[in-house]
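Survey of secondary and tertiary structure
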Amino acid sequence: MKNKNSTYLVLTIILVILSTIGGYFLFKIYQESNTSTYTSSSTPKIELIPTDIVQPPEQDASTSSVVITPVTTIIATATATPKLIPTVIPTKSALNSKDTKTYQSEEDAFSVSYNSQRQVHQDTEPSGNRYTFINKAGNFAVHVSTGEKWSWAHPNRQFTATLLVSGQKTFRYDINAQTIVDLQSGGKNYTLQCIHNGLESLKTECDAFIASFKIL
């Protein structure tokens, strides 16, 4: 009789252990199936960042944030909602590097210093000439146009002395992924554009790039 009781006890213990193990695995399967379910909130927001021409910023009434609408070629990058950033006067601290080169355009009468690791490509766009300083982390560009044409549109482009570039008043516009600076001289419109994607190293390089720009 004692042997029977011992056998039942052992079987009961084994059954409890197996039930516990089975319950654990069922819980894990259920948990994994829930976490793998697609939800719109689990996917990062894709913000379209323009590489050349952009339309005027539109005010989103629901979020009270600035929305940039792309017009031409675009790059899809996962970023936060753009925010206006206070104007910062660039410094020339990065211009003494031995890795810096100077690019000069006789046609558009300007020169600018840039990191020698970048490749320079000159082409045209609907508004005029474009000079692109290529880096896979983020391109910089100089856009040049004449008359009323600009490489991008803004409803309130006001030039101030807060930031002087080559002695000229400027209009500076910042969002979290890029910086744009406009100036005019000799009947030409110049737009300096830095796609820095929020990287501090590229922001510093951008400030040096802007500070080095000279009208010839």
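Just above sits the structure.
Anyway, here's the lowdown on the structure attached to this text.

Calculation rules
Residues numbered from 1 in each chain as written. Predicted model: local features only at pLDDT ≥ 70, side-chain atom pairs only at ≥ 80, totals over all residues. Heavy atoms only, no water. Helix = DSSP H or I, 4+ residues; strand = E, 2+ residues; numbered from the N terminus. Contact = heavy atoms within 4.5 Å. Areas by Shrake-Rupley, 256 points an atom, 1.4 Å probe, with all protein chains shown as cover. Pairing = 2+ DSSP bridges. Axes fitted to C-alpha atoms, helices over the stretch in contact; angles between N-to-C directions.

Per the secondary structure count, the chain includes two helices and 14 strands. Counting contacts in the chain only where the partners sit at least 6 residues apart, residues at least 24 apart contribute 51% of the total. Total accessible area on the chain stands at roughly 13100 Å², and carbon and sulfur atoms take up 58% of it.

So, on to the sheet that holds strand β7 (residues 119-125). Spatial strand order, β7-β8-β9-β13-β12-β11-β10: seven strands in an open sheet with antiparallel pairing. Only two strands of the sheet have a single neighbouring strand rather than two, namely β7 and β10 (160-165). Adjacent strand axes in the sheet meet at a mean angle of 30 degrees, parallel and antiparallel pairs treated alike. Here strand β12 (residues 178-185) pairs with strand β13 (residues 188-195) via eight bridges, running antiparallel. Following the sheet pairing, S185 is matched in β13 by K188.

Below, the discussion takes up the sheet that holds strand β5 (residues 100-105). Reading across from one edge, β5-β6-β14 is the order of the three strands in this open sheet, with antiparallel pairing throughout. Looking at which strands have only one partner, the edges of the open sheet turn out to be β5 and β14 (214-215). Sheet analysis places strand β6 (residues 110-115) next to β14, joined by two bridges and oriented antiparallel. Across the sheet, S111 pairs through a bridge with K214, a residue of β14. The sheet strands contacting helix α2 (residues 200-212) are β6 and β14, and the helix crosses β6 at an angle near 160 degrees.

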